[in-house]
Amino acid sequence: MSDLLKDLNKEQKEVVTSTEGPLLVLAGAGSGKTKALTHRVAYLVAEKGVLPESILAITFTNKAASEMSGRIDNLIKSSGTVKMGTFHSICAQILRREAHHLGYPGSFVIFDQDDSKKVIKQVIAKLGLSDKKIPVTTAKNLISGAKNELIGPEEYANYAESFREKSIVEIYKTYQKELEKNEAMDFDDLLMLTVKLFQKFPEVLKKYQNLWKYILIDEYQDTNHAQYLFVRLLSATHGNICVIGDDDQSIYSFRGANFQNILDFEKDWPKTKVVRLEKNYRSTKAILTAAQSVIERNTERSKKTLWTENETGRPIEVYEAASEEDEAGFVARKSEEIKVSKGKLSDIAVFYRTNAQSRAIEEQLLNMRIPYKIVGGVRFYERKEIKDALAWLRVASGANDWIAFERSLTSPPSGIGKLSITRLREYGEENKLKIKDLASDGNLANAIGGRVVEPLSEYFRKIKKIQDTAQKSLSSAVELAIKTSGLIEHLSDGSFENEERIENLKELLSVVKELENVKDDLTLESFLEEVALISDIDNYNESDEGITLMTLHTSKGLEYKYVFIVGLEENIFPHSRSMLDASELEEERRLFYVGMTRAREELYLVYARRRLYFGGIQHNSPSRFIAEIPPNLLDFVNGGGETEEKEIGDIQMSGAFKVGDEVEHEFFGRGKILEINDDEITADFNVYGKKTVSLEYAPVRKV
DNA sequence: CGCTGTAGACTTTTT
DNA sequence: GTCTACAGCG
């Protein structure tokens, strides 16, 4: 037997050896999925003689990709040329070579959320619409949703009825034109345009079908429609498509992910072989059972039963904190305890629903001098000062990027302000000029006004210098950009925040130097692309000492010996915006399931009786999710000293209500029941009027 | 043009 | 409580 099959269970072996044809792997949490995947790739190369370069593996993060290639390298000699990456990075690479078919230059820039919002804002103004009526974020979300569904502006127009929808159509149209003018693509374009490219140009598609004969997709439950089509097109000829996922861990529907893709896989590929990985190697029986009983409440899922040979382990500790400080104090004290008695701080993780919750925990950990690191939050490459420095580099890269142009001219101030830049852009548009043409345009003084001439030529001199330097050394170019932009002087006012910003700029330089050492073919363009598609988790190093703080979303795919989930209160988790809709609530539950199943040995669930929120005090009941765990697995601990009666398990069944009862709903307030239907009631609320709510999900009680 | 102060919004999660 | 956007002034 091949060495590659040693230490694998029967199902994992099937994953590894079923190399031909469509394969669907339903992999439960902690079921040794990555192991099966890496061994599969190694097996393809070592046993089946498949060339590494004809394998494409798509992962959810860049970090997962580099980890995977590291693990494969340990199994076989060279996996170096297996193509691995996220959907976005793979699509970007394809488009670099092929975008000319679609009328884009291969040197397009990638606009992040912030850049796209700026463009949309300009577009709304240009169309004479008010961003009061159509907020930028709304427009952005609707356009993004359409792109994920591969709906272009023309098609979108077919649905549009209301004024708002019609406005969105116009914004969408103009936005795409603006992106083209800027030679830019947003995140969604990377996917949508690649699929369009494949659909419009069969010969291009064929090229990639012939190149990648074996395709693997991890976290398939979190693919959106565009990604789904991308995969289907690429594997259409050979059908060697292996997807791995777990519908119970689908937590990204807000950005268009559709876990129906995994449930429907067998319909798309009738000859699909299905393998279920249900043996859990990660968690104790207590944790696994608890997680199972929570997720079983969901109706939209495929049935599966995880099991483990691990020991029962300790009960799950539930701590009722008096406040968010007390909550943080509990985390800090327990962490100390764990460190002293049995483990390392790096074995500990704290998960929360929203980034804002990290602050209280951080303060407490700082107080107690417990080292910690945060993954997520304001990402490094989204910081203002970093974006400012990168804007100089983006213009220097030769991109016709007006967003970066404006940014680099205004921060730090150059003497040319917003008004002049708008005029410059309009002037450029009228005369079909690109940014770089402005440098040599003799008519600017007439067209815009004399006072832009001097600062602008100064600006272009600097850009030129950065450009020239980039030919020789990227890091010198970055260093020059930081210096010549005047950012450092501008920030040198001695204030604490600005000192930190200067530190960040220095950090940027060391990141580039490091990258340069690893990749000798790093160009300015490839560096900018890498930066655009990087995520925070990609830079996270688990071996660093200290406990780890992150959102539940970020925790997917990771595991820790000791896990704290904090803020387990109604309105916080489940989040208030997700409580009124049954399927959104199920997603919250999956998120809780993901968090729980990260824990190997000990799980702590924490909620606070009162919490500071928006400067005001909020009282929330304990999260319903706690009540969904069998009580025998829980160990309740009280804290804070203050007594305040609060029961876990506020969920009532319809039998408890009758028509005419006064009820109180968490959001709709007081009302009177008009009608009861199975587990739904219709009530007339004093403020909100007639509403039907599901008792299974709605935070409603009798008064 | 660019800085300052204030009113207003805002917090779900992210490639 | 914190960040941002913008009006109004120098």
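A quick note: this is a predicted structure, and the numbers were derived from the prediction, not measured. (Residues numbered from 1 in each chain as written. Chains lettered and ligands numbered in written order. Predicted model: local features only at pLDDT ≥ 70, side-chain atom pairs only at ≥ 80, totals over all residues. Heavy atoms only, no water.)

(A) Highlighting helix H9 (residues 187–200). With 14 residues, H9 should reach 20 Å at 1.5 Å per residue; the first-to-last C-alpha distance of 20 Å fits that figure. For H9, the tally of buried residues reaches ten of 14 residues, placing the bulk of the element in the interior. Every buried residue of H9 is listed here: Asp188, Asp189, Leu190, Leu191, Met192, Leu193, Thr194, Val195, Leu197 and Phe198. Between the side-chain oxygen of the N-cap and the backbone nitrogen of Asp188 there are 3.1 Å, and the N-cap of H9 in question is Asp186. (Helix = DSSP H or I, 4+ residues; strand = E, 2+ residues; numbered from the N terminus. Expected span 1.5 Å × (residues − 1). Buried < 20%, exposed > 50% of the residue type's maximum accessible area, 1.4 Å probe, protein only. Polar contact = N/O pair within 3.5 Å; in protein donor to acceptor, adjacent residues only side chain to side chain.)

(B) Expanded view of the packing of helix H18 (residues 402–410) against helix H22 (residues 453–472). Orientation of H18 relative to H22, taken along the N-to-C sense of each, is 110 degrees, at an axis distance of 12 Å. When the interaxial angle is binned, H18 and H22 end up roughly perpendicular. Contacts between H18 and H22 involve Phe405, Ser408 and Leu409 from the first element and Leu456, Tyr459 and Phe460 from the second. Residues belonging to the contact of H18 with H22 are distributed by class as follows: five nonpolar, one polar and no charged. (Axes fitted to C-alpha atoms, helices over the stretch in contact; angles between N-to-C directions. Parallel < 35°, antiparallel > 145°, perpendicular 65-115°, else oblique. Contact = heavy atoms within 4.5 Å. Nonpolar A, V, L, I, M, F, W, Y, C, P; charged D, E, K, R; others polar.)

(C) Highlighting the confidence of the model for chain A. Mean pLDDT over chain A: 87, with 92% of residues reaching 70 or higher. Helix H10 (residues 202–211) holds the highest mean pLDDT among the elements of chain A, 97, whereas strand E23 (residues 689–694) holds the lowest, 61. (pLDDT = per-residue confidence, 0-100.)

(D) Expanded view of the pattern of salt bridges. Counted according to the given criterion, the structure contains 52 salt bridges. Across the pair Arg394 and Asp401 runs a salt bridge whose closest N-O atoms are separated by 2.7 Å. Its relative accessible area of 11% is what places Arg394 among the buried residues. For Asp401, a relative accessible area of 0% puts it in the buried group. Linked through salt bridges whose partners overlap, the residues forming this network are Asp112, Asp114, Asp115, Lys384, Lys387, Asp388, Arg394, Asp401 and Arg407. (Salt bridge = Lys/Arg side-chain N within 4 Å of Asp/Glu carboxyl O.)

(E) Layout of the protein's contact with DNA strand B. Taken together, the neighbourhood of DNA strand B is formed by 25 residues, with His88, Arg353, Gly415, His575 and Arg577 sitting nearest. When atoms of DNA strand B within 4 Å of the protein are sorted by moiety, sugar and phosphate together comprise 64%. With respect to DNA strand B, the backbone of Asn355 contributes an N or O atom lying 3.3 Å from a phosphate oxygen. A distance of 3.3 Å is found between a phosphate oxygen of DNA strand B and a backbone nitrogen or oxygen belonging to Ser414. (Near = heavy atom within 4 Å.)

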